[in-house]
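# An overview of the molecular structure
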Amino acid sequence: MKKISEILTKYQKENNYTYQELAKSLHMSKSTIYAYIHNTRNPSIKSVQNLAKSLNIKPMYLLDNNEENSKEDILLKELQKSKEIYQLILNHPKEARKQLEKSFQKKNNEL
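The paragraphs below set out a description of the structure included in this document.

Procedures and definitions
Residues numbered from 1 in each chain as written. Predicted model: local features only at pLDDT ≥ 70, side-chain atom pairs only at ≥ 80, totals over all residues. Heavy atoms only, no water. Buried < 20%, exposed > 50% of the residue type's maximum accessible area, 1.4 Å probe, protein only. Helix = DSSP H or I, 4+ residues; strand = E, 2+ residues; numbered from the N terminus. Salt bridge = Lys/Arg side-chain N within 4 Å of Asp/Glu carboxyl O. Core = buried A, V, L, I, M, F, W, Y, C linked by side-chain atoms within 4.5 Å. Contact = heavy atoms within 4.5 Å. Axes fitted to C-alpha atoms, helices over the stretch in contact; angles between N-to-C directions. Parallel < 35°, antiparallel > 145°, perpendicular 65-115°, else oblique. Nonpolar A, V, L, I, M, F, W, Y, C, P; charged D, E, K, R; others polar.

Let us now look at helix α3 (residues 30–37). Helical geometry: 3.6 residues make up each α-helical turn, so side chains three or four residues apart lie on a common side. Taken together, the buried positions of α3 are Thr32, Ile33, Ala35, Tyr36 and Ile37. Positioned one or two residues after α3, Asn39 has a phi angle of 55°, which is positive.

In the structure shown here, the tally under the stated rule is two salt bridges. Among the salt bridges present, the one from Glu14 reaches Lys10, with a minimum N-O distance of 3.9 Å. With Glu14 and Lys10 both in helix α1 (residues 2–14), this residue pair falls four residues apart, about one helical turn. In this pair, the class of Glu14 matches that of Lys10, namely exposed.

Soluble globular proteins tend to bury their nonpolar side chains together. The biggest cluster of nonpolar side chains holds 15 residues, and the ones touching the most others in it are Ile4, Leu8, Leu26, Ile33, Leu51 and Leu62. Within the residue set of this core, elements represented by two or more residues are α1, α2 (19–25), α3 and α4 (45–55). Those residues in contact with Leu8, other than ones at most four positions away along the chain, are Leu22, Leu26, Tyr36, Ile37, Leu51 and Leu55.

Another aspect to go through is the packing of helix α7 (residues 83–91) against helix α8 (residues 93–110). Direction vectors running N to C along α7 and α8 enclose 125°, while the axes themselves pass 5 Å from each other. Judged by the inter-axis angle, α7 sits oblique to α8. Contacts between α7 and α8 involve Leu88, Ile89, Leu90 and Asn91 from the former and Pro93, Glu95, Ala96 and Gln99 from the latter. Residues of the contact of α7 with α8, tallied by class, amount to five nonpolar, two polar and one charged.

Now the structure itself:
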């Protein structure tokens, strides 16, 4: 799985880990990590879950080969373009939800 290989390689480089250190930090064997990085073995679902937990990421992130096109990523990027809306959502989620619902209702009525 190319995505897992890329993430593990990036994590290894960011932390300046050897294969042994990387394996230890992820609670896996050196040979298993090596196989994942070199795409000679695919992780089981349980291994994906364990890797995600150790890397503090969502399991789907490891499996999604097109992360930039996920709905969450697109929405987040769009929200960050408008600092006012982004801050409203972060600081006042209930108020933001009400405003969004009103906007959607208005749009639907216009159609």
